[in-house]
Amino acid sequence: MTASPPRAPAGGEPDLFAQAGIPAGAPGDDLDRAVAPGDPDDPGNETQPLADRLRPRVLADVVGQEHLLGAEGPLGRMLVAGRLPSIVLWGPPGTGKTTIARLLARQVGLAFEPLSAVFSGVADLRKAFEAAKQRRRAGRGTLLFVDEIHRFNRSQQDGFLPFVENGTVVLVGATTENPSFELNAALLSRCQVLVLRRLDDAALELLLQRAEHLLGRPLPLEAEARAALRAMADGDGRFQLNLAEDLFALGDIRPLDVGGLSRVVQRRAPVYDKDREGHYNLISALHKSLRGSDPDAGLYWLARMLVGGEDPLYIARRLVRFASEDVGLADSRALQVALDARQTYEILGSPEGELALAHLVVYLATAPKSNAVYRAFGAAMTAARETGSLMPPAHILNAPTRLMKDIGYGKGYRYDHDEPEAFSGQNYFPDDMARQDFYQPTQRGEEGPIAERLARWRRLRADHS
């Protein structure tokens, strides 16, 4: 009999579920039956992919999610309390969402009913709910696992509500997308959202050790190549085990260096969906790095977006916005530099034009910052909505007709260029509205002299009043 494979720590409490009175072999789904030779669930069944053969059979063996499964984690506390509510598991691919759902069913003695929103429709849901009703009448509960639950449309998601509310099923949904955007508010209010983390380097190394233990031989990799393999996985445990399986298939060879590894296996494509949360996360990271005057971080997030396949013109548009919103009049050239960079990219295209975007990122990150105009415009928009249709004061209205002159249009207007210092100090707000100071320039960059001019005009205005 082989020795037990390396186990993952579970918040320092490996006997957590035993403490709850839940034995490891609690009756549940077909995971509980004895493994027979040739069984697909047998880790020794070489017809199964390595990732399936290494799928954990107890929750304590799940790697990288101790924040959920440990003694102080939400799932750990739920199971100790003896209750499992409906939950949504949100996390990147290859982090254990399906495995955790299957093992939860086993631990609490529920039948495991899996569905994939990609391949299932209303008819499949009805069958699943009917089967759950029958089990319930027989005294057994059902854990309904819905993979990629965000793929169900809003009306289909509504169909879960009565069965979740009356306890026919415990719903466990899995999604790689932000549930706040993709799931109905009504469904979210009935589920707890638990966030899975991408696997860190230690968790990925543990998976490699388990693979070596199962197959009885080490991976044919030098130390640096082994580290490179973990980096290639980009936090996806399943993808890493698929790479490891390819390496084991090479047979008895000399250990590969980093170059040899890159010739044998391919790096995982970065997770980046231009239409979903990854898109907004990375552009937010770029914007905030520039606002924080960090050109190095700005270049990194620019590169991440370009490597992920983002449209460079979208990035250029956002940088133009940044120049206007966050640099503003502290550097009045920034907006023109941004427009020039965008035009340069349009002329050159990729990859040459991407250097112009890098130029712009560094320029904006190192420029003095001011959002004074942005804030002033927001305050002015608020005032405009609140004050309605107030007329401008009559003295600044043009009077092209005799009638308009007779009713006072333009009366008393003073031409500023004819005044001392070219400043009349007249009121330009509506008569029924108090004067507002929307624009509050900073002392940074080119706004310092602007602030000085405004302060002088404010004194002159007070003298003229």
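Whatever comes next refers back to the structure up there.
Here we summarise the structure given alongside this text. (Residues numbered from 1 in each chain as written. Predicted model: local features only at pLDDT ≥ 70, side-chain atom pairs only at ≥ 80, totals over all residues. Heavy atoms only, no water.)

Let's talk about the overall build of the chain
The condition is simple: Helix and strand labels come from DSSP, where a helix needs a run of H or I of at least four residues and a strand needs a run of E of at least two; each type is numbered from the N terminus. Throughout, exposure labels follow a simple rule: accessible area from a 1.4 Å probe, protein chains only, divided by the maximum for the residue type, with under 20% read as buried, over 50% as exposed, and the rest as partly exposed. By definition, residues are in contact when any of their heavy atoms lie within 4.5 Å. Each accessible area is a Shrake-Rupley estimate made with a 1.4 Å probe; only the visible protein chains count as cover when residues are assessed.
Counting its secondary structure elements, the chain contains 22 helices and 5 strands. Out of the 465 residues in the chain, the part that is buried amounts to 44%. Looking at the chain alone, contacts between residues at least 24 apart form 74% of all its contacts between residues at least 6 apart. For the chain, the computed accessible surface area is about 24,600 Å², with 53% contributed by carbon and sulfur atoms.

Brief notes about unusual backbone geometry
With an omega dihedral of 0 degrees, the bond running from Ser350 to Pro351 counts as a cis peptide bond. Mapped onto the elements, Pro351 comes out in the loop between helix H18 (334–348) and helix H19 (354–366). With a phi angle near 55 degrees, Glu148 is a residue other than glycine that sits in the positive phi range. Tracing the backbone shows Glu148 in the loop between strand E3 (142–147) and helix H7 (154–158).

A short note on the pairing of strand E1 (residues 87–90)
Our working definition: Note on pairing: two strands pair once DSSP finds at least 2 bridges between them.
Along E1, one buried face is formed by Ile87 and Leu89 and the opposite face, lined by Val88 and Trp90, is buried too. Relative to strand E5 (residues 192–195), E1 runs parallel, the two being bridged by 4 bridges. Residue pairing for E5: Ile87 is matched across the bridge by Gln192.

Brief notes about the nonpolar core
Here is the rule: Note on terminology: a nonpolar core comprises buried Ala, Val, Leu, Ile, Met, Phe, Trp, Tyr and Cys residues joined through side-chain atoms within 4.5 Å.
Counting 27 residues, the largest nonpolar core has Leu286, Leu290, Leu319 and Leu364 as the members making the most contacts within it. Beyond its immediate chain neighbours, meaning those up to four positions away, Leu290 contacts Gly298, Leu319, Phe322, Val361, Leu364, Ala365 and Lys369. Core analysis: the next-biggest nonpolar cluster, separate from the first, contains 26 residues, Leu199, Ala211, Ala225 and Leu229 among them.

A short note on the packing of helix H12 (residues 223–233) against helix H13 (residues 237–248)
Using the following cut-off: A fitted line through C-alpha atoms serves as each axis, taken over the contacting stretch for helices, and the angle formed by two N-to-C directions is quoted from 0 to 180°. Oblique is the label for any angle not under 35 degrees, not over 145, and not in the 65 to 115 range, which are roughly parallel, roughly antiparallel and roughly perpendicular in turn. Take the far helix as your reference; a near helix turned counterclockwise from it by less than a right angle gives a left-handed crossing, and one turned clockwise gives a right-handed crossing. When residues are grouped by polarity, Ala, Val, Leu, Ile, Met, Phe, Trp, Tyr, Cys and Pro land in nonpolar, Asp, Glu, Lys and Arg in charged, and all others, Gly among them, in polar.
Between H12 and H13, the shortest axis-to-axis distance is 8 Å and the interhelical angle comes to 135 degrees. Relative to H13, the element H12 is oriented oblique. Both H12 and H13 take part in a crossing whose hand is right-handed. The residues of H13 that touch H12, namely those facing Leu229, Arg230, Met232 and Ala233, are Phe239, Gln240, Leu243 and Leu247. Here the contact of H12 with H13 is built from residues that sort into 6 nonpolar, 1 polar and 1 charged.

Structural notes on empty space enclosed by the protein
Where empty space is left becomes clear once a probe the size of a water molecule has been rolled over the atoms. Heads up, the condition is: In this analysis a 1.4 Å probe is tested at points of a 1 Å grid over the protein atoms alone, and where it fits but cannot get out there is a cavity; an open set with protein on both sides within 12 Å along at least five of seven lines is a pocket; lining residues have an atom within 4 Å of a point. Grid points are joined across faces, edges and corners, and a volume is the space filled by probe spheres set on the points.
Counted under the stated rule, the structure contains 2 cavities of 30 Å³ or more. In this structure, the largest cavity is lined by Ile283, Leu286, His287, Leu290, Ile315, Arg318, Leu319 and Phe322. Mapped by element, the contributors of at least two residues to the lining of the largest cavity are helix H15 (277–291) and helix H17 (312–327). Here the lining of the largest cavity is composed, by residue class, of 6 nonpolar, 1 polar and 1 charged.

Details of the packing of aromatic side chains
Aromatic rings considered in pairs are described by the distance between their centres and by the relative angle of their planes. Just so we agree on the cut-off: Pairing of aromatic side chains requires ring centres within 6.5 Å, counting the rings of Phe and Tyr and the six-membered ring of Trp. Pairs whose planes differ by under 30 degrees are stacked, by over 60 edge-to-face, and all others tilted.
Counting across every chain of the model gives 7 aromatic pairs. Between Phe129 and Phe163 the ring centres are 3.9 Å apart and the planes differ by 10 degrees, which places this aromatic pair in the stacked class. Taken together, the residues span a long stretch of sequence, with Phe129 in helix H6 (residues 122–137) and Phe163 in helix H8 (residues 161–165) at a distance of 34 residues. A residue is classified by how much of its surface remains accessible, and Phe163, at 17% relative accessible area, is buried. Aromatic ring contacts, followed pair by pair, group Phe129, Phe152, Phe160 and Phe163 into a single cluster.

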